[in-house]
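Spelled out, the chains give:
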Amino acid sequence: AARLVAGSTPWRTPGTPDLGEPFGVMHCVQCFCEPQKGRRGKVFGKVNCKNIKQDCPEPDCDHPILLPGHCCKTCPK
């Protein structure tokens, strides 16, 4: 398995990276731990990440807000 955050992350389990201070958790980045084979056939973990902000749906209101710990803006209730 690969390391995304503290501890190990199972193969292909999505996670958000925590870069520590001053950046913290990157809520709009999703990472996966992918198994890779080395030259000698040993399997190791490779972390692949992508920005998911462009996948956010467009909120259907005039003044959307970004809630703490979220990537996409939502309409206030």
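These numbers come from a predicted model, not from an experiment.

If you tally the helices and strands in the chain, you get 0 helices and 2 strands. Among the 77 residues that make up the chain, the fraction classed as buried is 16%. For the chain, contacts bridging at least 24 residues in sequence account for 17% of all contacts bridging at least 6. When the accessible surface of the chain is totalled, it reaches about 6100 Å², and 54% of it is carbon and sulfur.

Inspection of the secondary structure assignment puts C75 in the segment after strand 2 (43-51). On the basis of relative accessible area, C75 is assigned to the partly exposed category, the value being 29%. As for C75 and P64, which are separated by 11 residues in sequence, their C-alpha atoms are 4.6 Å apart. Those residues in contact with C75 that sit more than four places away from it in its chain are P59, D60 and C61.

Caution is warranted with low-pLDDT regions, since their predicted coordinates should not be read in detail. Averaged over the chain, the pLDDT score is 78; the fraction of residues at 70 or greater is 78%. With pLDDT under 50 throughout, residues 1-7 is counted as low confidence; its partners more than four residues away or in other chains account for 23 contacts.

This paragraph deals with the pattern of salt bridges. A pair can form between side chains of opposite charge whenever their charged atoms are brought close. Tallied over the entire structure, the rule returns 1 salt bridge. For the salt bridge of K50 with D55, the shortest nitrogen-to-oxygen distance reads 3.8 Å. Taking relative accessible area as the criterion, K50 reaches 45% and is therefore assigned partly exposed.

Right, let's get into the state of the cysteines. This structure, assessed with the given rule, holds 4 disulfides. Covalently, C28 is tied to C71 through a disulfide, its sulfur atoms 2.1 Å apart. Looking along the S-S bond of the C28-C71 disulfide, the torsion reads about 115 degrees, which is the right-handed sense. Here the residue C28 occupies a position in the segment before strand 1 (29-37), and C71 occupies one in the segment after strand 2, the gap between them amounting to 43 residues. Just as C28 is buried, C71 falls in that class too. C31 shares a disulfide with C49; S-S distance 2.0 Å. Handedness of the C31-C49 disulfide follows from its S-S torsion of about 105 degrees: it is right-handed. Placement of the pair is C31 in strand 1 and C49 in strand 2, with a sequence separation of 18 residues. Across the chain, the disulfide pattern expressed with sequentially numbered bonded cysteines is 1-6, 2-3, 4-7, 5-8.

Calculation rules
- Residues numbered from 1 in each chain as written.
- Predicted model: local features only at pLDDT ≥ 70, side-chain atom pairs only at ≥ 80, totals over all residues.
- Heavy atoms only, no water.
- Helix = DSSP H or I, 4+ residues; strand = E, 2+ residues; numbered from the N terminus.
- Buried < 20%, exposed > 50% of the residue type's maximum accessible area, 1.4 Å probe, protein only.
- Contact = heavy atoms within 4.5 Å.
- Areas by Shrake-Rupley, 256 points an atom, 1.4 Å probe, with all protein chains shown as cover.
- pLDDT = per-residue confidence, 0-100.
- Salt bridge = Lys/Arg side-chain N within 4 Å of Asp/Glu carboxyl O.
- Disulfide = S-S within 2.5 Å.

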